[in-house]
Amino acid sequence: QVQLVESGGGLVQPGGSLRLSCAASGSSFSINAMGWYRQAPGKQRELVATITSGGSTNYADSVKGRFTISRDNAKNTVYLRMNSLKHEDTAVYYCNANISVALTYPKPYWGQGTQVTVSS
């Protein structure tokens, strides 16, 4: 069984910064692409950023230039550095990873979500 555990959410003022972390744990698994999604109240879950195993990144237009996704393959961890936070960034942030367990076909795994609230 593979689990994704997120940390780093919280309350921050507009213009502030936060860093989210998501670590995968388990046995006999390999991780392909990883990413972050978010869901605000009353809205659908949306893509924030993704990163391939080779380090190629993709961002939603709304976060380009403010957020940075990175990963440490040795630690099976993905990070999201969020700068210049805005009220509209308030949401539950979910970690996602495409994981192959015991050489099976990769499938998506999700973390439990971490709340980010941007408020003065």
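Bear in mind the structure is a predicted one, so any value in this text is a computation, not a measurement. (Residues numbered from 1 in each chain as written. Predicted model: local features only at pLDDT ≥ 70, side-chain atom pairs only at ≥ 80, totals over all residues. Heavy atoms only, no water.)

Draft legend 1. Structural context of the state of the cysteines. Summed over the entire model, instances satisfying the criterion amount to one disulfide. Two residues share a disulfide in this structure: Cys 22 and Cys 95, whose sulfurs sit 2.1 Å from each other. Looking along the S-S bond of the Cys 22-Cys 95 disulfide, the torsion reads about -80°, which is the left-handed sense. Separated by 73 residues along the polypeptide, Cys 22 in strand β3 (residues 18-25) and Cys 95 in strand β9 (residues 91-101) bring together distant segments of the chain. Residues Cys 22 and Cys 95 agree in their burial class; the two are buried. (Disulfide = S-S within 2.5 Å. Helix = DSSP H or I, 4+ residues; strand = E, 2+ residues; numbered from the N terminus. Buried < 20%, exposed > 50% of the residue type's maximum accessible area, 1.4 Å probe, protein only.)

Draft legend 2. Representation of the packing of aromatic side chains within the structure. Within this structure, the stated rule accounts for one aromatic pair. Between Tyr 37 and Trp 110, the ring centres sit 5.1 Å apart and the planes meet at 65°, which makes this aromatic pair edge-to-face. Here Tyr 37 is found in strand β4 (residues 29-39), whereas its partner Trp 110 is found in strand β10 (residues 107-110), with 73 residues between them in sequence. On the accessibility criterion, Trp 110 (39% relative accessible area) is partly exposed. The ring centre of Tyr 94 lies 3.7 Å from the NZ or CZ of Arg 45, which sits over that ring. Between the NZ or CZ atom of Arg 45 and the centre of the ring of Trp 110, over which it lies, the distance is 4.7 Å. (Phe/Tyr/Trp six-rings, centres within 6.5 Å; stacked < 30°, edge-to-face > 60°. Lys NZ or Arg CZ within 6 Å of the ring centre and 35° of its normal.)

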